[in-house]
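# Observations on the model geometry
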Amino acid sequence: MDEAEPRLVGIAHQAGGSTVRLRPVAEPDLAMLRRFRTEPGLIGLDWDGFRDPGAPARRYAEDGWLGERDGRLVVQVEPEEAAAGIVSYRSGLYGGRAPYWEIGIALLPEWRGRGIGWRAQALFCDYLFAHTPAQRIQAGTHPENVAEQRSLEKAGFQLEGVIRACEFRAGAWRDGWLYSRLRDDPSPL
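All of these numbers come straight from a predicted model, not from anything done at the bench.

What counts, and where the lines are drawn
- Residues numbered from 1 in each chain as written.
- Predicted model: local features only at pLDDT ≥ 70, side-chain atom pairs only at ≥ 80, totals over all residues.
- Heavy atoms only, no water.
- Axes fitted to C-alpha atoms, helices over the stretch in contact; angles between N-to-C directions.
- Helix = DSSP H or I, 4+ residues; strand = E, 2+ residues; numbered from the N terminus.
- Parallel < 35°, antiparallel > 145°, perpendicular 65-115°, else oblique.
- Contact = heavy atoms within 4.5 Å.
- Nonpolar A, V, L, I, M, F, W, Y, C, P; charged D, E, K, R; others polar.
- Pairing = 2+ DSSP bridges.
- 1 Å grid on protein atoms, 1.4 Å probe; cavity = no way out; pocket = protein on both sides within 12 Å on 5 of 7 lines; lining within 4 Å.
- Points joined across faces, edges and corners; volume = space filled by probe spheres on them.
- Left-handed = near helix turned anticlockwise from the far one by under 90°.
- Expected span 1.5 Å × (residues − 1).
- Buried < 20%, exposed > 50% of the residue type's maximum accessible area, 1.4 Å probe, protein only.
- Core = buried A, V, L, I, M, F, W, Y, C linked by side-chain atoms within 4.5 Å.
- Phe/Tyr/Trp six-rings, centres within 6.5 Å; stacked < 30°, edge-to-face > 60°.

Two numbers describe how helix α1 (residues 30-38) lies on helix α2 (residues 55-63): the axes approach to 8 Å, and their chain directions differ by 135 degrees. Put simply, α1 runs oblique to α2. Contacts between α1 and α2 involve L30, L33, R34 and R37 from the former and A55, P56, A57 and Y60 from the latter. Split by residue class, the contact of α1 with α2 holds six nonpolar, no polar and two charged.

Overall, mixed pairing links the eight strands, which are arranged β1-β2-β3-β4-β5-β6-β8-β7 in an open sheet. If you trace the sheet from one side to the other, it starts and ends with β1 (11-15) and β7 (158-169), each paired once. Neighbour to neighbour, the strand axes of the sheet diverge by 25 degrees on average, direction disregarded. With six bridges connecting them, strand β6 (residues 136-141) and strand β8 (residues 172-182) associate as antiparallel partners. Across the sheet, residue I137 finds its bridge partner in β8, namely R181. Contacts from helix α3 (residues 116-131) reach β1, β2 (18-24), β3 (70-78), β4 (82-94), β5 (98-107), β6 and β8 within the one sheet, and its direction differs from that of β5 by about 155 degrees.

The gaps left among the atoms become clear once a water-sized probe is rolled over them. Estimates place the volume of the second largest pocket at around 240 Å³. Lining the second largest pocket we find 15 residues, and of these L66, L73, Y89, Y127 and L128 sit closest to its centre. Put simply, the parts of the chain that give the lining of the second largest pocket at least two residues each are β2 and α3. Class assignment of the residues belonging to the lining of the second largest pocket gives a composition of 10 nonpolar, four polar and one charged.

The subject of this paragraph is the packing of α3 against helix α4 (residues 146-154). Between α3 and α4, the least distance of the axes is 8 Å, while the angle of their chain directions is 45 degrees. The angle between α3 and α4 places the two elements in the oblique class. Judged by the sense of rotation from one axis to the other, the crossing of α3 with α4 is right-handed. The segment α3 lies against α4, with G117, W118 and Q121 engaging E148, S151, L152 and K154. Taken together, the residues that form the contact of α3 with α4 break down as two nonpolar, three polar and two charged.

Next up on the list: α3. Taking 1.5 Å as the rise per residue, α3 with 16 residues should run 22 Å; its terminal C-alpha atoms sit 22 Å apart, in good agreement. Where α3 is concerned, the buried positions are I116, G117, R119, A120, Q121, A122, L123, F124, C125, L128 and F129.

Moving on, we come to the nonpolar core. The biggest cluster of nonpolar side chains holds 40 residues, and the ones touching the most others in it are L22, F36, V75, I103, F124, I137 and F157. Where this core is concerned, the elements lending two or more residues are β2, α1, β3, β4, β5, α3 and β6. At eight residues, the largest contribution of residues to this core is made by α3. Setting aside residues no more than four positions away along its own chain, F36 makes contact with L42, I43, W47, G85, I86, A106 and L108.

The next subject is the packing of aromatic side chains. Applying the stated rule across the entire model yields five aromatic pairs. With a centroid separation of 5.0 Å and an interplanar angle of 85 degrees, the aromatic rings of W47 and F50 are classed as edge-to-face. Here W47 falls in the buried class, since its relative accessible area comes to 19%. In this structure F50 comes out as exposed when scored by relative accessible area, which is 59%. Between the aromatic rings of Y89 and F124, the centroid separation amounts to 6.2 Å while the plane-to-plane angle is 65 degrees, which identifies the pairing as edge-to-face. Here Y89, found in strand β4, pairs with F124, found in helix α3; they are 35 residues apart in sequence, far enough to count as distant. Like Y89, the residue F124 is buried in the burial classification.

Laid out in structure tokens, this is it:
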């Protein structure tokens, strides 16, 4: 398949005349990944300062952002065939034996508030549960990020609690909220 046609691959959820698709990162997406690293405020509260703008291309050359322990997929919206953002995954272990995934999402501002985020996160969970043995997927957010809290709840996550002083942001240690979805929890899709 031609790199210029990444829309033809991936997994998708269709509803209300639009489709949310998750697909591997393609070379044209590297510009968006560089923006997330260098534009203050583009990803909201998760921006943690300027980062190496060449890192996304090096990682893409290494494994296409599809690592066994961490990586990224592009959130694509159709029929526009537009890259709306990314979902990310990182592996972890509880008690040294119980594997889990921690996921995240970053949407470009023009795609927020349209129901894309919760659908992408729910689709991503369904994908990870179908293709990995993890029992648990978790996601953290900021107490002030009400939109992401609603998105996680629509995606089937439940609030577990506050993680005190878990993140250094804007010059101070800040609390986070931890959400989870277990393999046996029903999918909202």
